[in-house]
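# Remarks on the overall topology
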Amino acid sequence: MTVSKKYPEHKNVELSQVSTEILDFWKKNSIFEKSISSREGQPSFTFFEGPPSANGTPGIHHVMARTVKDIFCRYKTLKGFQVKRKGGWDTHGLPVELQVEKELGITKDDIGKKISVEEYNQKCREAVMKYKSQWDDLTEKMGYWVDLEHPYITFENDYIETCWYLLKQLYEKGLLYKGYTIQPYSPAAGTGLSSHELNQPGCYRDVKDTTVVAQFKAVDFNSPQEGKVYFLAWTTTPWTLPSNAALAVGEKIEYALVKTLNPYTHQPVQVILAKALLGKYFQEKGKDGDFDSYRAGDKVIPWTVVAEYKGAELVGKKYEQLLPYVQPEAPAFRVIPGDFVSTEDGTGIVHIAPTFGADDARVAKAAGIPAILVDGEPLVDKRGRFLPQVQDEVFGLGGEFVKEEYLSDAEKAEALELQKEKLAGIIAKLDKYMSVDERIALKLKLGNQAFKVEKYEHSYPHCWRTDKPVLYYPLDSWFIRTTALKGRMSELNKTINWKPESTGTGRFGHWLENLVDWNLSRSRYWGTPLPIWRTEDASEERCIGSVSELKEEIKKSLALLDSFDLPAERKAQAREYMSEALKKGIHDLHRPYVDYIILVSPDGKPMFRESDLIDVWFDSGAMPYAQWHYMGDSKALPFNGGNTPAFPADFISEGVDQTRGWFFTLHALSTLLFDSVAFKNVVSTGLVLDKNGVKMSKRLGNVINPFETIGQYGPDATRWYMIGNAPPWDNLKFNLDGVTEVLRRFFGTLQNTYSFFALYANLDGFTYAEKDVPLEKRTESDRWILSRLHSLIQLTDKAYADYDATVAVRAIESFVCDDLSNWYVRLNRKRFWKGEYSSDKMAAYQTLYTCLETVAKLASPVAPFYTERLFQDLNGVSKKDRSASIHLADMPVADTRCIDTDLEQRMAYAQQLTSLIHSLRKGNSLRVRQPLSKMLVPVLNENFRKQIAAVQDLILSEVNIKVLEFVDDSSGILVKKVKPNFKKLGKEYGAKLKEVGAIIQAFTQADILTLEREGRFQTKLSDGTPVSLSPEDVEISFEDIPGWLVASAGSLTVALDITLTEELKQEGVARDFVNRIQNLRKDMGLEVQDKIELQVVRHSESVSQALIQHQAYICAEVQALSLELVNDSRTADLIEMEDFQLAVDVQVIKTAPAPGKKSVTKKESSLATKKSKAKTPSKSKYKTASSSQKKTVKKATKSASKAGSVTKKKTEAKKKTAVKKASVAKKQAAKPIKKAGKKTQVEKGKKKIASPVKKKSTKKVVAKKSTTKKVAAKKVRTKKATTVKKKSNTKTVSKKAVARTTVKKSTKKKTAKKVN
RNA sequence: GGGCUUGUAGCUCAGGUGGUUAGAGCGCUACACUGAUAAUGUAGAGGUCCGUGGUUCGAGUCCACGCAGGCCCA
């Protein structure tokens, strides 16, 4: 940035523009690179970037996630760490494939047919980076610092090679195995279906199935009543009942044991089912009915509840196998807990067939229940037929299709003949094929094993290719045995600092406790291939861990290739590819190439690659190692070129939806491979919803475009809003109004404060060249704001260190708005613009400078752009910090010597007292301009008195009161009251507190005095318990003081003397007068240095007195060379005072800086130039780019249309002449006007703006508008505008624009009335 | 159905370890200030702290059971 001795004074600040400029600055000066290189040799802070996928466009939630990442990396940099952050791209996986399929208009089946795998994967490779430029653009624009030049990309060979390396490590540890999992499977098509395929429209169809509520006979069930006990379980797939191995109950669900009769066999039974579902199976009429009188066939079956159990009590109960065709290999047939059990339908007890349900398999495994298998195979084969072992003498089953739909009509007819024969003894005339389900149901009915059989319509998935029902079926897959280290993962998880904690202990912790093995297999094309080669009989296999290892194996295999018993074509393909690979290297580890490779087993048999790809989540979980192409080497951990291992990460952050995604895969792999956590601190961010709390979706059209938002409001405001509004782990209701508010409130205030500083610092030539004014020589308020500042440093540093940026942001915001701007600057304004360049003034500049610069640094992690600008603006002049950028600087360090809690306390008193007095004044219609003589502050102790005394000047000037007096007991006018200190007394007296409280409340003044003087008050409770109270046991405050206006807040009380002496009144008049003249000057468009002469037409004696008395004061304030009382004036303006009017003639004196004037004048004149510069029409404060543009445009057109061809180069002199003329041209005779009567405040307020002067000024407005834009703009923001707006009742969005348009009219109207 | 999470003013949010008058910003109403000025300040109105029970002298805060929203599973 340019070297200058002046602080830049920005006419208008648009954050979006600032950000582009700063971006440019960073680029030109390689600031990001320097932020890393300049920390060489420092301790490193390791950050892992979770790779996004660039096949979709980035959304506003990505801004959120990346802001969080960025903040802490920047913060740690400021704290002196070296923070390398490598960007990355997630490139594999189903979404990419689906997108390509859609674009090409093909399906998975077409791959390898209509399009070669080679071509297909090429398409995927192209598609996956489709939006990379958009992502890079967003990254840059939002100010997310990450290395985009050298990102890791998961499809690159090196990356895949590391994945292979890791897989081999797992393989060698015995943690990689082939097993089965229950998946949707289409027997008709002979293929498994992905969940995506099942979600195709039309897959789920309503079908009517035979369902059975089966009776499972309990073993050794201790019922309070005699008789057999059965568990009732419902199934819509009776064909799975021979595979039943367990029953699942919900542990929290309540169950009932019911005595009743089986509806089919009428045998007495006791059945167990969920209490909530009793009504579904039993009629109310039969409740506690008479069992003896029941006869077979009676409609109402008697029943009675014998006992009740919680699900947990039933767990472990045993029962007899329902259909004992095949025996389990280990003990089974127990009741087990099932987290998925509900009481929505069925019986609240779920039949578990571990081979045919995913839940079933899971809970069975967890409970140690074996599956029912024959030689390791499920009871139904891959074509959908029962194994021969499932053979029933009467009902058949063995070798039959379990679903009717799998049979052709001819097959059904054939089967019917057989059934007629076999079922002759049961069904006389069978005329229709009976499905497997129906026959099983029938068998159970007859055997007293079914409680209810019915047709039931429900939705069931069908294969989209064959239209036949899908079965859930065990299919082969490769797994990582995560369960082996489940305990260790939980243990390590406890050492991770989770933000928020609940995500770690709750969501993630519970998930780890219920972990199942990680299914790695995916039958797709675009992804990391599983590097395992197997012989066809699966007897031998080899896991490949690197490219070089693969090459070695290829060499061996090439030698033996000819001997393999394989088609010549296949061998030729293998030979060609493998020889090529040896010669030129392996160019691509993806399919189809890896599949060309045939390896040889130690026994000399050919081995083929297992066709699976691995889960993309493995890719991202491998990122800590693969991003550096870690291959074990000689190092135990991956390094990133530095001296310390780049593992584990100190910090990561992603959306909470990654809990079971990236967070898990990172954690699992690091635990399995390195027995370590992968990250020490993690912030899981919440969702970004629209402003109504609805998820953003393209369909609803409530999506926020991040580019537009950043472009319009700037990245800083967007980031600040996102972090400050709510903690990032809560969901964020993203409301653009909130961003506007941040813009205005925080950035606007900060910029205003800087502008204020720059304006005067430039005039005084303050460059911070002088030595620091020692703390003890600074004013009370200087030391106060510095104390607050250092408290702020402490707080923000702690918050950042704790990964809680929200706390930091809120504290900074409150400091800037409340402490710095609204209190410090407001109180100290005059120190900046009055007087010589003294040590006191220097102290003020230094203090304000320090605050601004420190705040910039503290806020820089969150708002990197604007704070850079602020830093450059300040530091460009002072050169106090040698860093070239704020992001290369050091985090401010709190100096505890600056922190003075007493001082902070008394300033708080000052603020409270001020507020109380304002409130009193307001309540009594005493404007602040009216000085008052005295205020009283009751004091309890010497310390309090000292505290207040230290800030009393400040209070007095703030509230315009002459004297502050303390009152204590000796004054005799104080009446005290006491309140029990419940917190303290509660601990001591507990239940007796009420009585003690009553005693205290009944204290007399004498009692209070006793307590205060003797430090103790003794009494007894009604039950004789002695009570000894100390002053700390009560809180003392004051009653109202008779004859005074009193207000209090907490223990603070203040009394106000509102008697107005003639003297005070006159001073009030003088101040009012100054105020009116200042307004007039402004209306006339005078600059600060313009001098005037005043002639006031005599009013009452007291007014004349007031003006004469305070003549010096008035003249100084309003830049008047003279103030003269005259008897009459033909050219005077009428001004509205509080309750009367004055006629005043204002003569403007030409402003050539008079020779011999003292330097102050000179300065003031240059100040005025500054000011006038600042008042150019586009003096927009913080506004959105568009709104400010709009406004500027609007103004321009407006003034252009009115101004015609008049250029804005009209001279100041001309302008003033215009004023003068208007003033002279005024024909109003000046006459003191008697007040018409008592006016209300409101009237007064309105009146004030309606003086004839305004009429003139209105004319002037027109005149000026035709001359310059500048004046027009100035005009527009006079008090009138606001007041008229209010009056016109244009509510809410009427905005100033509307008000402005009404200004002229209503003023005129008002004026006219007045004049008449 | 389960796990986690949220519920405080019209809106967005604060409210260590329980303490008797529940706060802020925005918005609204009114007023003030007028050399930071399209800025700012002050005041006012606005609360069943989601509900019901419980523990306690005392519950927005602790416990239980619900209700409603969200996320992730099933």
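Residues numbered from 1 in each chain as written. Chains lettered and ligands numbered in written order. Predicted model: local features only at pLDDT ≥ 70, side-chain atom pairs only at ≥ 80, totals over all residues. Heavy atoms only, no water.

### Section: the sheet that holds strand β19 (residues 532-535)
This is how it is decided: Paired strands, as defined in this entry, are two strands with at least two bridges between them according to DSSP. Secondary structure follows DSSP: runs of H or I at least 4 residues long count as helices, runs of E at least 2 residues long count as strands, and numbering of each begins at the N terminus.
Within the open sheet, the four strands sit side by side as β20-β19-β22-β21. Their pairing is antiparallel. Each edge of the open sheet is held by one strand with a lone partner, namely β20 (541-543) and β21 (599-600). Of the pairings in the sheet, the one linking β19 to strand β22 (residues 606-609) comprises three bridges and is antiparallel in character. Each bridged residue has a counterpart across the sheet, and for T535 the counterpart in β22 is M607.

### Side note on a nonpolar patch on the surface
Note the cut-off: For patch building, the residue pool is restricted to those with more than 30% relative accessible area and no salt bridge; the joining distance is 9 Å between like charges and 5 Å between nonpolar side chains (Val, Leu, Ile, Met, Phe, Trp, Tyr). A 1.4 Å probe and the Shrake-Rupley method give the accessible areas. Residues count as covered only by the protein chains that appear here. When a carboxyl oxygen of Asp or Glu is within 4 Å of a side-chain nitrogen of Lys or Arg, the pair counts as a salt bridge. Partly exposed residues are those whose accessible area sits between 20% and 50% of the maximum for their type, while under 20% is buried and over 50% is exposed, using a 1.4 Å probe and protein chains only.
On the surface, V394, I426 and L446 cluster together into a nonpolar patch covering about 230 Å² of accessible area. For V394, the position within the fold is in the loop between α11 (358-367) and α12 (409-422). Look at V394 and you get partly exposed, because its relative accessible area is 32%.

### Points about the side chain of D782
Formally: Identification of polar contacts relies on pairs of N or O atoms within 3.5 Å, with a donor-acceptor requirement for protein atoms, meaning one able to donate a hydrogen and the other able to accept it, and with residues adjacent in sequence counted only if both atoms are side-chain atoms. The contact criterion used is simple: two residues touch if any of their non-hydrogen atoms lie within 4.5 Å.
Within the secondary structure layout, D782 lies in helix α25 (residues 780-801). A relative accessible area of 0% means that D782 is categorised as buried. Polar contacts involving the side chain of D782 include one to the side chain of Y824, which spans 2.5 Å. Residue contacts for D782: discarding those within four places in its chain leaves Y824, R831, A843, A844 and T847.

### As for the nonpolar core
Condition: For the purposes of this section, nonpolar cores are sets of buried Ala, Val, Leu, Ile, Met, Phe, Trp, Tyr and Cys residues that join through side-chain atoms within 4.5 Å.
In this structure, Y7, W720, F734, F757, Y800, I812 and M935 are the most contacted members of the largest nonpolar core, which totals 131 residues. Ranked by the residues each element gives to this core, the list is headed by helix α24 (residues 736-764), at 14 residues. Excluding residues that lie within four positions of it along the chain, F734 makes contacts with I60, V688, L689, D690, K691, M696, I704, T709, T718, Y721, M722 and V739. Formed by 71 residues, the second largest nonpolar core is a distinct cluster that contains Y165, M607, M631 and A649.

### Here's the deal with the pairing of strand β5 (residues 204-219)
Note: β5 against strand β14 (residues 450-461), 11 bridges, orientation antiparallel. In the strand pairing of β14, D206 is matched with S459. Where β5 and strand β6 (residues 229-235) come together, six bridges link them in antiparallel fashion. Opposite F216, over in β6, you have F231 as the bridge partner.

### Considering the packing of α25 against helix α26 (residues 805-833)
This is how it is decided: Axis geometry follows a simple rule: fit a line to the C-alpha atoms, using only the stretch in contact for helices, then measure angles between N-to-C directions, giving values from 0 to 180 degrees. Any angle that is under 35 degrees is reported as roughly parallel, and any over 145 degrees as roughly antiparallel; angles of 65 to 115 degrees are reported as roughly perpendicular and all others as oblique. For this classification, the nonpolar set comprises Ala, Val, Leu, Ile, Met, Phe, Trp, Tyr, Cys and Pro, the charged set comprises Asp, Glu, Lys and Arg, and every other residue, Gly included, is treated as polar.
Running from N to C, α25 and α26 point in directions that differ by 170°, and their axes come no closer than 9 Å. The orientation of α25 relative to α26 falls into the category roughly antiparallel. Touching S781, D782, W784, I785, R788, L789, L792, L795, T796, A799 and Y800 of α25 are A805, V807, A808, A811, I812, F815, D819, L820, W823, Y824, N828 and R831, all from α26. Tallied by class, residues from the contact of α25 with α26 come to 16 nonpolar, three polar and four charged.

### Looking at the sheet that holds strand β4 (residues 191-192)
Strand order in the open sheet formed by four strands is β4-β3-β15-β17, and the pairing between neighbours is antiparallel. Lying at the two open borders of the sheet, with one neighbouring strand each, are β4 and β17 (518-519).

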